[in-house]
Amino acid sequence: NAGVTQTPKFQVLKTGQSMTLQCAQDMNHEYMSWYRQDPGMGLRLIHYSVGAGITDQGEVPNGYNVSRSTTEDFPLRLLSAAPSQTSVYFCASSYYKTGTNSPLHFGNGTRLTVT
Amino acid sequence: KNQVEQSPQSLIILEGKNCTLQCNYTVSPFSNLRWYKQDTGRGPVSLTIMTFSENTKSNGRYTATLDADTKQSSLHITASQLSDSASYICVVSGIYGNNRLAFGKGNQVVVIP
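Everything numeric in this text was worked out from a predicted model, so none of it was measured. (Residues numbered from 1 in each chain as written. Chains lettered and ligands numbered in written order. Predicted model: local features only at pLDDT ≥ 70, side-chain atom pairs only at ≥ 80, totals over all residues. Heavy atoms only, no water.)

Observations concerning the overall build of chain B
(1) Moving on: For chain B, the helix and strand inventory stands at zero helices and 11 strands.
(2) Moving on: The helix and strand sequence of chain B, counted from the amino end, reads β-β-β-β-β-β-β-β-β-β-β.
(3) Moving on: Computed over the C-alpha atoms, the radius of gyration of chain B is 13 Å, within 12% of the 13 Å expected from 2.2 N^0.38 for a compact globule of 113 residues.
(4) Moving on: Projected onto the principal axes, the alpha-carbon positions of chain B cover approximately 40 × 25 × 20 Å.
(5) Moving on: When burial is assessed residue by residue, chain B has 47% of its 113 residues classed as buried.
(6) Moving on: Put simply, 55% of the contacts in chain B that link residues at least 6 apart link residues at least 24 apart.
(7) Moving on: Only carbon and sulfur atoms are counted for the fraction: they give 50% of the accessible area of chain B, which is about 5,500 Å².
(8) Moving on: Both charge centroids of chain B, one from 10 positive and one from 7 negative side chains, sit 6 Å from each other. (Helix = DSSP H or I, 4+ residues; strand = E, 2+ residues; numbered from the N terminus. Rg over C-alpha atoms; globule rule 2.2 N^0.38 Å. Buried < 20%, exposed > 50% of the residue type's maximum accessible area, 1.4 Å probe, protein only. Contact = heavy atoms within 4.5 Å. Areas by Shrake-Rupley, 256 points an atom, 1.4 Å probe, with all protein chains shown as cover. Lys, Arg positive; Asp, Glu negative; His and termini not counted. Charge placed at Lys NZ, Arg CZ, Asp CG, Glu CD.)

Here you go:
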């Protein structure tokens, strides 16, 4: 049971380049989400999904796209990288049922630098 | 406006000593409060989850308390170990659950021998 797996661990991009951050979970969780973590700030939600084919925007969605074609995978796409997107990105998953307290399971992050 | 405030921002403690971390929140209505531990270079790991009806919950040497009336929580670490060096993040859930969690900035704890 690997939990939540993120690839790559590190990435350097030039301004304007595009890339996809991969996230996969093997816990059959309905809910998956992407966060960014910046120094001196709490984690901020980028996009989330409550099941295959269903996605929605979080707090800071601009510049990012997501899709959810399977329960296991939830990739995050940077359309045209900007230095402001330099951050550590975390994917998280959980069970999803109204009224339950489901802890998030986080991957170990992708550290992205945009020059 | 940050809905979750944690204090102290950072602290250094001697191995074997106890420490207490504080979390104040303004999220309303309230559903549950969570504490996560984040080791350097790793993702956060869940320690405890408490609903408004729970006053205390333990996970090994970690004990969390919750006062939903004053909107305060604390995380107590007993007999600290070097492996407790980490950031401890307080997270509050309102009515939207995992779709709209409020994250604190974390308490950075360094345990020295």
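Focus: the pattern of salt bridges
All names here are of chain A.
(1) Moving on: One pass over the structure, following the stated rule, counts five salt bridges over all chains.
(2) Moving on: Arg36 serves as the salt-bridge partner of Asp38, at 2.9 Å between the closest nitrogen and oxygen. As far as the burial class goes, Asp38 and Arg36 line up, both buried.
(3) Moving on: Asp38 is paired through a salt bridge with Arg44; the nearest N and O atoms lie 2.8 Å apart.
(4) Moving on: Each of Arg36, Asp38 and Arg44 takes part in a single network of salt bridges with overlapping partners. (Salt bridge = Lys/Arg side-chain N within 4 Å of Asp/Glu carboxyl O.)

Some words on the nonpolar core
(1) Moving on: B:Leu21, B:Tyr25, B:Leu33, B:Trp35, B:Leu75, B:Tyr88 and B:Val92 are the most contacted members of the largest nonpolar core, which has 25 residues in total.
(2) Moving on: B:Leu21 has contacts with B:Ser7, B:Leu11, B:Trp35, B:Ser73, B:Ser74, B:Leu75, B:Tyr88, B:Asn107 and B:Val109, leaving out every residue within four places of it along the chain.
(3) Moving on: Of all hydrophobic cores here, the second largest spans 20 residues; its members include A:Val4, A:Met27, A:Val66 and A:Val114. (Core = buried A, V, L, I, M, F, W, Y, C linked by side-chain atoms within 4.5 Å.)

Describing the state of the cysteines
(1) Moving on: Per the stated rule, a full pass over the model turns up two disulfides over all chains.
(2) Moving on: Two residues share a disulfide in this structure: A:Cys23 and A:Cys91, whose sulfurs sit 1.9 Å from each other. Linking A:Cys23 and A:Cys91, the disulfide has an S-S dihedral of approximately -70° and is accordingly described as left-handed. Of the two residues, A:Cys23 is situated in strand E3 (residues 19-25) and A:Cys91 in strand E9 (residues 87-94); the sequence distance between them amounts to 68 residues. Residue A:Cys23 shares its accessibility class with A:Cys91, and that shared class is buried.
(3) Moving on: Residue B:Cys23 pairs covalently with B:Cys90 via a disulfide, S to S 2.0 Å. An S-S torsion of about -70° defines the bridge between B:Cys23 and B:Cys90 as left-handed. Linking B:Cys23 in strand E3 (residues 19-25) with B:Cys90 in strand E9 (residues 86-93), this pair joins segments that are 67 residues apart in sequence.
(4) Moving on: Its sulfur unpaired, B:Cys19 is 15 Å from the next cysteine sulfur, which belongs to B:Cys90. (Disulfide = S-S within 2.5 Å.)

As for the pairing of E9(B)
Residues and elements named next belong to chain B.
(1) Moving on: Counting buried positions over the eight residues of E9 gives eight, a clear majority of the element.
(2) Moving on: Of the two faces of E9, the one holding Ala86, Tyr88, Cys90 and Val92 and the one holding Ser87, Ile89, Val91 and Ser93 are both buried throughout.
(3) Moving on: Here strand E4 (residues 32-38) pairs with E9 via seven bridges, running antiparallel. Counterpart to Tyr36 in the pairing with E9 is Ile89.
(4) Moving on: Where E9 lies against strand E11 (residues 107-112), three bridges are found, and the strand directions are antiparallel. Paired with Ser87 across the strands is Gln108, a residue of E11.
(5) Moving on: Relative to strand E10 (residues 101-103), E9 runs antiparallel, the two being bridged by three bridges. Considered in E10, the bridge of Val91 is made with Phe103. (Pairing = 2+ DSSP bridges.)

Without other data, these values stay purely geometric and don't point to any function.
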